[in-house]
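Observations on chain architecture
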Amino acid sequence: MSEALSIEPLAAAPDATLRPPGSKSITNRALVCAALAEGRSVLRGALFAEDTLAMVDSVAAFGGAEIEADQGSATMVVRGGGRPRGGGRVDARQSGTTSRFVLAVAALADRRVVVDGDLQLRARPFGPLLDALRELGAEVEELGEAGRLPVAVRGPLVGGAVSVPGHVSSQFL
């Protein structure tokens, strides 16, 4: 038999500062925004994990952005380069957020970019995102199974309105 747990309110509010751990999703979104922005951005409270390291490498592969990362202070300094300059290949490893965000960024490039990842990532669905990128004017070529990585993308986007389902993954949005 387990003992009962008693929870009692504090007599006074504590004087405390809490700093929750970083989020890989927020860190990846901020990295993309900083890389596309002109000038210097400082990301504080960044989470250093496999997914964010995959994004750092992916953003660097596009050319133009420089990233200095300090895990000790959970800080990244990004010198953005605007629109992606490089073509070539981007390896998103096992990161769903990286692959989905990078596919959209690749559609801004005027050169062909191949986005790929590990076998586990290749099994995940990308069809709705690929359809949306096509509707916005990107050239999209599935190099393997339809709706899955690896995918070659090339811009430029022409813009416009597009509808994307959010039930498969909010990352498509």
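It should be noted that the structure appears before, not after, this text.
This structure is a prediction, so every number in the text was calculated from the model and none was measured.

Reading the values: the criteria
Residues numbered from 1 in each chain as written. Predicted model: local features only at pLDDT ≥ 70, side-chain atom pairs only at ≥ 80, totals over all residues. Heavy atoms only, no water. Pairing = 2+ DSSP bridges. Helix = DSSP H or I, 4+ residues; strand = E, 2+ residues; numbered from the N terminus. Right-handed = clockwise from strand over helix to strand, strands pointing away. Phe/Tyr/Trp six-rings, centres within 6.5 Å; stacked < 30°, edge-to-face > 60°. Lys NZ or Arg CZ within 6 Å of the ring centre and 35° of its normal. Buried < 20%, exposed > 50% of the residue type's maximum accessible area, 1.4 Å probe, protein only. Axes fitted to C-alpha atoms, helices over the stretch in contact; angles between N-to-C directions. Contact = heavy atoms within 4.5 Å.

1. Describing the pairing of strand 4 (residues 88-91)
With four bridges connecting them, strand 4 and strand 5 (residues 113-116) associate as parallel partners. Across the sheet, Gly88 pairs through a bridge with Val113, a residue of strand 5. Note that the unit made of strand 4, helix 3 (residues 96-106) and strand 5 has a crossover that is right-handed.

2. A word on the packing of aromatic side chains
In this structure the tally under the stated criterion is zero aromatic pairs. Lying over the aromatic face of Phe126, Arg100 brings its terminal NZ or CZ to 4.9 Å of the ring centre.

3. Quick notes on helix 3
A large share of helix 3 lies buried, amounting to 10 of its 11 residues. Those residues of helix 3 not exposed but buried are Gly96, Thr97, Thr98, Ser99, Arg100, Phe101, Val102, Leu103, Val105 and Ala106.

4. Quick notes on the sheet that holds strand 3 (residues 75-81)
Strands belonging to one sheet form pairs held by backbone hydrogen bonds; the direction of such a pair is parallel or antiparallel. Pairing is antiparallel across the open sheet formed by three strands, whose spatial order is 1-3-2. Unpaired on one side and paired on the other, strand 1 (38-44) and strand 2 (66-70) mark the two borders of the sheet. Along the sheet, successive strands turn relative to each other by an average axial angle of 10°, direction set aside. When strand 1 meets strand 3, the two strands line up antiparallel, connected through seven bridges. Residue Leu43 lies in a different strand from strand 3, and its bridge partner there is Met76. In the packing of helix 1 (residues 24-36) onto the sheet, contacts are made with strand 1, strand 2 and strand 3, and the angle to strand 3 comes to roughly 35°.

The analysis is restricted to geometry; functional conclusions fall outside its scope.
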